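Tertiary structure, described
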Amino acid sequence: MIRVDQAGEVGAYYIYKGQIAVLGGDKNLRPILQEMWDQEKEHLARFDHLVGQHRVRPSLLRPLWEVAGYAVGAGTALLGKEAAMACTEAVETVIGNHYDDQLRELVAMKNPNQDLADLSKTVAQFRDEELEHHDIAVAHDAQRAPFHSVLKGVIMQGCKTAIWVAEKV
């Protein structure tokens, strides 16, 4: 669980880095992207810490998550603000659902120890923050992106595939 979440936060970090590289000059959009990126930095730092604390093997594909995240972030940003927001909407939809699934697993465990209780709190907090990112994206015209439903569907499927791969590798 920790390895997969760390991999996802690596991807999210690089998505926002790519979006800011392209759209960071927009003085209205920059603070919004920066705020979301700053939260992703905190998420990644927390999962990096948990990987070390619990001696979890990180994903062997971290370089791939970095390149793919940046490419998706910058690529959608090159299509315009709305497409970048559609990317955020799609990614955060999948991640919110993924964190919900993990919370259900954690809650179902009998006699959880303090580490599992702490992980549950972290996952719940991050889920809520990711869903805030989703709402911000929708409020900033994500659904006005050209070919919104296709773009969103492709990105969501890519995220689901990345989660599946991170669970295996």
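Cut-off values and rules
- Residues numbered from 1 in each chain as written.
- Predicted model: local features only at pLDDT ≥ 70, side-chain atom pairs only at ≥ 80, totals over all residues.
- Heavy atoms only, no water.
- UniProt positions renumbered as here; feature names shortened; annotations may be inferred.
- Phe/Tyr/Trp six-rings, centres within 6.5 Å; stacked < 30°, edge-to-face > 60°.
- Buried < 20%, exposed > 50% of the residue type's maximum accessible area, 1.4 Å probe, protein only.
- Helix = DSSP H or I, 4+ residues; strand = E, 2+ residues; numbered from the N terminus.
- Lys NZ or Arg CZ within 6 Å of the ring centre and 35° of its normal.
- 1 Å grid on protein atoms, 1.4 Å probe; cavity = no way out; pocket = protein on both sides within 12 Å on 5 of 7 lines; lining within 4 Å.
- Points joined across faces, edges and corners; volume = space filled by probe spheres on them.
- Contact = heavy atoms within 4.5 Å.

Per an unreviewed UniProt entry, the protein goes by the name 5-demethoxyubiquinone hydroxylase, mitochondrial and belongs to Mucor lusitanicus CBS 277.49. Checking UniProt for the protein, the heading Subcellular location (unreviewed entry) contains the comment "Mitochondrion inner membrane". Per UniProt, the comment on the protein under Function (unreviewed entry) is "Catalyzes the hydroxylation of 2-polyprenyl-3-methyl-6-methoxy-1,4-benzoquinol (DMQH2) during ubiquinone biosynthesis. Has also a structural role in the COQ enzyme complex, stabilizing other COQ polypeptides."

**Considering the packing of aromatic side chains**
How two aromatic rings sit relative to each other is set out by the distance from centre to centre and by the angle between their planes. This model, assessed by the stated rule, comprises three aromatic pairs. Consider the rings of Tyr-13 and Tyr-14, whose centres lie 4.9 Å apart with planes at 65°: the pair is edge-to-face. Judged by relative accessible area, Tyr-13 falls into the buried class, the value being 18%. For Tyr-14, a relative accessible area of 18% puts it in the buried group. Here the aromatic rings of Phe-47 and Phe-126 are separated by 5.7 Å at their centres, their planes lie at 70°, and the arrangement is edge-to-face. Of this pair, Phe-47 sits in helix α2 (residues 30–53) while Phe-126 sits in helix α5 (residues 114–139), and the two are 79 residues apart along the sequence. In this structure, Phe-47 and Phe-126 share a single accessibility class: buried. What links up through ring pairs into an aromatic cluster is the set Tyr-13, Tyr-14 and Trp-37. Seen from the ring of Trp-37, Lys-41 lies directly overhead, with NZ or CZ sitting 3.9 Å from the centre.

**Overview of the layout of surface pockets**
By volume, the largest pocket amounts to about 440 Å³. Lining the largest pocket are 23 residues, and of these Gly-11, Ile-15, Gly-158, Cys-159 and Ala-162 sit closest to its centre. For the lining of the largest pocket, the secondary-structure elements that each account for two or more residues are α1 (2–23), α3 (62–78), α4 (81–108) and α6 (148–168). The greatest single-element share of the lining of the largest pocket, amounting to eight residues, is contributed by α1.

**Some points on the UniProt feature "binding site: Fe cation 1" (unreviewed entry) in the protein**
Sequence positions flagged by UniProt for "binding site: Fe cation 1" (unreviewed entry) are, in local numbering, Glu-9, Glu-40, His-43 and Glu-130. In terms of the greatest pairwise C-alpha distance, the residues named above, spread along 122 residues, form a tight cluster of at most 10.5 Å across. Among the annotated residues just listed, those lining the largest pocket are Glu-9. Summarising the element assignment, His-43 is placed in helix α2. Using a relative accessible area of 0% as the deciding quantity, one classes His-43 as buried. Filtering out sequence-adjacent residues up to four positions away, His-43 remains in contact with Glu-9, Phe-126, Glu-129 and Glu-130. Structurally, Glu-130 is set in helix α5. For Glu-130, a relative accessible area of 1% gives the class buried. If we skip the residues at most four places from it in the chain, Glu-130 touches Glu-9, Glu-40, His-43, Glu-92, Ile-95 and Tyr-99.

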